[in-house]
There are 2 protein chains.
Amino acid sequence: MSKDAVYDVIIVGAAAAGLTAALYAARQGMKTLVVSKDLGGQALLTNHIQNYPGYDTVDGFSLVSKFAEQAKGFGAEIHLEEAKELKDEDGIFTVKTPTREFTSHTLILAFGKTPRDLGVTGEDEYKGKGLSFCATCDGPLYRGRTVAVVGTAEYAADAALLLSDLAGKVYLIFNRSKMAVDEATLADLQSRSNITQIPNSKVTAVQGGLTVETIKVRDESSKTETVYPVDGVFVEQGYIAKTDLAQGLVALNERREIISDKEGRTSHPGIFAAGDVTDIPFKQIVVSAGQGCVAALSAYNYLQQKRGKALIRGDWKRRK
Amino acid sequence: MSKDAVYDVIIVGAAAAGLTAALYAARQGMKTLVVSKDLGGQALLTNHIQNYPGYDTVDGFSLVSKFAEQAKGFGAEIHLEEAKELKDEDGIFTVKTPTREFTSHTLILAFGKTPRDLGVTGEDEYKGKGLSFCATCDGPLYRGRTVAVVGTAEYAADAALLLSDLAGKVYLIFNRSKMAVDEATLADLQSRSNITQIPNSKVTAVQGGLTVETIKVRDESSKTETVYPVDGVFVEQGYIAKTDLAQGLVALNERREIISDKEGRTSHPGIFAAGDVTDIPFKQIVVSAGQGCVAALSAYNYLQQKRGKALIRGDWKRRK
């Protein structure tokens, strides 16, 4: 473990919210560190983005790379390792990763949401080896092959339709009598001859050798289990806030999202939050980016106030 | 006066907040109208923007044009005339312009802030005829000529420095003993041989023929008035929320900004707000854009609830 100088702000997470926070914090002259497992997170990789203001269409990876470049241009540092522990020791925050320990005067929590997993044997082992959380990203690898999609709602329906155009055969496994999607989507699913719907069912194991070879599926009505040979499994069950890291430090709502006010403040002084991990109901990239900016400027104001210096407020100028 | 079909939403204002709101409202299938005096507003015209996430640098006009194009692409209509009156008649809102009258089920107020004016004789008459609120926009017209800059803070200092590089002579008129800027900026102002500082003074009249020719300046210490020959006057006194239009409909704070919560709701059901006109302390383009998106989706949810339909909430999917 090595110790660095105390940062003005550490931002946990490096997607739209975290990187925008980094850009604005660094631009205000704050000593800024971003700690994240990866750049962009899951959500940004899943869609062609057609609604980020300023771009007709852009892929998530390009957009996030651009954000990261801008943040670094203003002097933000990025450490690509997962934050494993957060602590407040007398107003100095500690962020621990597997190999490092960083300290800061403020924290911005912006680690987004993560895909809801299956929670079954073999899932961790086969991640990236046939098990994917992103049909748009990994679908093209399964051209002509057999895949399973797991999930009951729109995410899963869209993934199944997308894969139906690429794969030879698609099993759609869901634990309801019918998919929870609109009639048009239901009809579309039914019209695809290479999609087999498997209702009232749950995946209980993912198995194989070096890569996925079979899944075990339990029919909850008949209480029977069937093994399906598949080359790939797409887990498309939506996203959840994995906020265990922040548990006890900041107040969470019933969805385990971080409760934050319109200036990005959490229940804990000095800790701010932005993006999909917060209790804002609208999970859009431009909203996350706006919240990231707000959290950074609030963290700046918090430190300025502590140091008896001038705050950003009102018609404060857009500085170049 | 002609009457149109009732819109789902009318957005008053067409800068970052208003146009982003239009984009998201139209994308949700809402019948959407933007009513605004102009595209972009004052603020977006004043700076080269170096901090909008996704762009290294972009001029305000290009960015706003792009936003407008995207909003229109999703079906939003834009009516370029100033909103003069807003009314709520039994839950149907009316927006009146000099020549038209529009009605809607929801309103989004996003008309930003406007420059603080001088409030003197000749100001209205010479707007665009030698009197400007934007040194960056209009400065190049005064190459080698004589101009006055009015204001005590950073806006005015920056305008004076910019104009000092272009104009032959710059009078900097401010009603304090010294400019309210940092030491470095003060030194920079003093180092410019073509800037004449006129402290403790107020402009009392703007005069001329077809264009500005002189200004009358009153020295508040000596109580004397002097006439200065100038070709241009730059009013650089910051921005205020001109919310008279919304007075009585929505609650305002002490700065006359519209009080809104983190979901963009005002004190009036069915009326939402976004951008610089709200009480958010951080006036940044990306914050305005984020707030615009939030206000649009909140307006959508408000209508959906009224109509007994499904709301956007939580891990609602980013639709294509």
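Basis of the calculations
Just so you know, the residues in each chain are numbered from 1, in the order the chain's sequence is written. Chains and ligands are labelled sequentially in the order written, the chains with letters from A and the ligands with numbers from 1. Side-chain atom pairs in this predicted model are given and counted only at pLDDT of 80 or more, local residue features only at pLDDT of at least 70, and totals for whole chains, interfaces and linings cover all residues. Side-chain metrics in this entry use all non-hydrogen atoms of the structure; hydrogen atoms and water are not considered. What sets the superposition is a least-squares fit of C-alpha atoms, and only residues with pLDDT of at least 70 in both copies go into it. By the convention used here, residues are in contact when the closest approach between their heavy atoms is within 4.5 Å. Burial classes: relative accessible area under 20% of the type maximum marks a residue as buried, over 50% as exposed, and values in between as partly exposed (1.4 Å probe, protein chains only). Counting from the N terminus, the helices are DSSP H or I runs at least four residues long and the strands are E runs at least two residues long. Note on pairing: two strands pair once DSSP finds at least 2 bridges between them. Buried area is understood as the total, over both parts, of accessible area removed when two parts are fitted together, assessed with a 1.4 Å probe. A carboxyl oxygen of Asp or Glu within 4 Å of a side-chain nitrogen of Lys or Arg is what we treat as a salt bridge. Note on residue classes: Ala, Val, Leu, Ile, Met, Phe, Trp, Tyr, Cys and Pro are nonpolar, Asp, Glu, Lys and Arg are charged, and everything else, Gly too, is polar. Angles shown run from 0 to 180 degrees and are taken between the N-to-C directions of axes, each axis being a line fitted to C-alpha atoms and, for helices, limited to the stretch in contact. Handedness of a crossing is defined here by the sense of rotation of the near helix relative to the far one, left-handed for an anticlockwise turn of less than a right angle and right-handed for a clockwise turn. Paired rings are identified among Phe, Tyr and Trp, the last through its six-membered ring, by centres lying within 6.5 Å, and are further divided according to the angle between planes into stacked (under 30 degrees), edge-to-face (over 60) and tilted (the rest). All the domain ranges listed were derived from an automatic or database domain assignment. pLDDT is a residue-level measure of predictor confidence that goes from 0 to 100.

Chemist: Explain the relation of the copies chain B and chain A here, please?
Modeler: The relation between the two chain copies is a rotation about an axis coupled with a shift along that axis. Mapping chain B onto chain A calls for a screw motion: a turn of 180° about the axis and a shift of 0.0 Å along it, with 0.0 Å RMSD after fitting. Interpreted geometrically, this transformation is the action of a two-fold axis. Both copies contact each other with a shared surface, as 100% of the interface residues of chain B are interface residues in chain A too.

Chemist: When you look at the pairing of strand E17 (residues 232-235) of chain B in this model, what are you seeing that I'm missing?
Modeler: Residue and element names in this part refer to chain B. A two-sided burial pattern is seen for E17, the buried positions comprising Gly232 and Phe234 on one face and Val233 and Val235 on the other. Alignment of strand E10 (residues 131-132) against E17, held across two bridges, turns out to be parallel. When the bridges of E17 are listed, leucine 131 appears paired with valine 233. Bridging between strand E11 (residues 146-150) and E17 involves four bridges; their strand directions are parallel. Note on E17: the bridge partner recorded for valine 149 is phenylalanine 234.

Chemist: Where do I start with the interface of chain B and chain A in this structure?
Modeler: Much of the literature gives interface size as the accessible area that the parts lose upon coming together. In this assembly, 58 residues from chain B lie in contact with 58 residues from chain A. Carbon and sulfur atoms make up 49% of the area that chain B and chain A hide from each other, which totals about 5,600 Å². At the boundary of chain B with chain A, the tally comes to two salt bridges. Taken together, the elements giving at least two residues each to the side of chain B that touches chain A come down to helix H1 (16-27), helix H2 (60-73), helix H5 (154-164) and helix H7 (285-306) of chain B. Considering every element that reaches the side of chain B that touches chain A, the biggest residue donor is H7 of chain B, with ten residues. Here the residues of the side of chain B that touches chain A sort into 23 nonpolar, 14 polar and 21 charged.

Chemist: Hey, could you run me through the pairing of strand E16 (residues 224-229) of chain A in this one?
Modeler: Within a regular strand, side chains alternate between the sheet's two faces. Residue and element names in this part refer to chain A. As defined by bridge partners, strand E15 (residues 212-219) adjoins E16 across six bridges and the pair is classed as antiparallel. Opposite valine 217, over in E16, you have threonine 226 as the bridge partner. Taking the residues between adjacent antiparallel strands as the criterion, E15 and E16 are bridged by four residues, where lysine 223 takes a positive phi near 55°.

Chemist: When you look at the packing of H5 of chain B against helix H6 (residues 183-191) of chain B in this model, what are you seeing that I'm missing?
Modeler: Angle between the axes and distance between the axes are the two parameters that describe a pair of packed helices. Residues and elements named next belong to chain B. Relative to each other, H5 and H6 sit at 35°, their axes nearing to 10 Å. As for how H5 packs across H6, the hand of that crossing is left-handed. On H6, the residues that touch Ala157, Ala160 and Leu161 of H5 are Thr185, Asp188 and Leu189. Taken together, the residues of the contact of H5 with H6 break down into four nonpolar, one polar and one charged.

Chemist: Quick question: what am I supposed to make of the packing of aromatic side chains here?
Modeler: Pairs of aromatic rings are described using the distance from one ring centre to the other and the angle between the two planes. Residues and elements named next belong to chain B. Evaluation of the coordinates by the stated rule reveals 16 aromatic pairs over all chains. For the ring pair tyrosine 52 and tyrosine 55, a centre distance of 6.2 Å and an interplane angle of 35° mean the geometry is tilted. Aromatic side chains tyrosine 142 and phenylalanine 234 sit 5.5 Å apart centroid to centroid with 85° between the ring planes, which places their arrangement in the edge-to-face category. Note that tyrosine 142 is positioned in the loop between helix H4 (135-138) and E11 and phenylalanine 234 in strand E17, a separation of 92 residues in sequence. Phenylalanine 234 carries the same exposure label as tyrosine 142, and that label is buried.

Chemist: Would you mind showing me how to read the pattern of salt bridges here?
Modeler: Oppositely charged side chains may form a pair once their charged atoms are brought near each other. The final tally for this structure, using the stated rule, is 38 salt bridges over all chains. Among the salt bridges present, the one from aspartate 165 of chain B reaches arginine 192 of chain B, with a minimum N-O distance of 3.0 Å. Here aspartate 165 of chain B is found in the loop between H5 and strand E12 (169-173), whereas its partner arginine 192 of chain B is found in the loop between H6 and strand E13 (195-198), with 27 residues between them in sequence. Judged by relative accessible area, aspartate 165 of chain B falls into the exposed class, the value being 58%. Salt bridges here are not isolated pairs; linked through shared partners, they connect Lys113, Glu257 and Lys283 of chain A.

Chemist: What is the right way to look at the domain arrangement of chain A in this model?
Modeler: As far as domains go, chain A holds domain 1 (2-115 + 239-306) and domain 2 (123-235). Once you take the C-alpha centre of each, domain 1 of chain A and domain 2 of chain A turn out to be 33 Å apart.

Chemist: Even after reading the chapter, I still don't get the environment of glycine 54 of chain A, so can you show me in this structure?
Modeler: Tracing the sequence through the fold places glycine 54 of chain A in the loop between strand E3 (48-49) and strand E4 (58-59). Relative accessible area serves as the criterion here: at 2%, glycine 54 of chain A is assigned to the buried category. When the C-alpha positions of glycine 54 of chain A and glycine 209 of chain A are compared, they lie 46 Å apart, and in sequence the two are 155 residues distant. Beyond its immediate stretch of four places on either side in the chain, glycine 54 of chain A contacts Tyr55, Leu63, Lys66, Phe67 and Gln70 of chain B.

Chemist: What is the right way to look at the confidence of the model for chain A in this model?
Modeler: In low-pLDDT regions, the fine details of the predicted coordinates are not to be read closely. Residue and element names in this part refer to chain A. Within chain A, residue pLDDT values average 90, and 93% of them lie at 70 or more. In this model residues 314-320 is a low-confidence stretch, pLDDT under 50, and it forms 26 contacts with partners more than four residues away in sequence or in other chains. Confidence metrics for the complex model read pTM 0.81 and ipTM 0.79.

Chemist: Where do I start with the sheet that holds strand E14 (residues 201-208) of chain B in this structure?
Modeler: The strands that make up a sheet are held in pairs by hydrogen bonds between backbone atoms, and each pair lies either parallel or antiparallel. Residues and elements named next belong to chain B. The three strands lie next to each other as E14-E15-E16, forming an open sheet whose pairing is antiparallel. Here the strands that pair on one side only, and so sit at the sheet edges, are E14 and strand E16 (224-229). With strand direction ignored, the average angle separating the axes of adjacent strands in the sheet is 25°. Relative to strand E15 (residues 212-219), E14 runs antiparallel, the two being bridged by seven bridges. Residue pairing in the sheet places glycine 208 in a bridge with valine 212 of E15.

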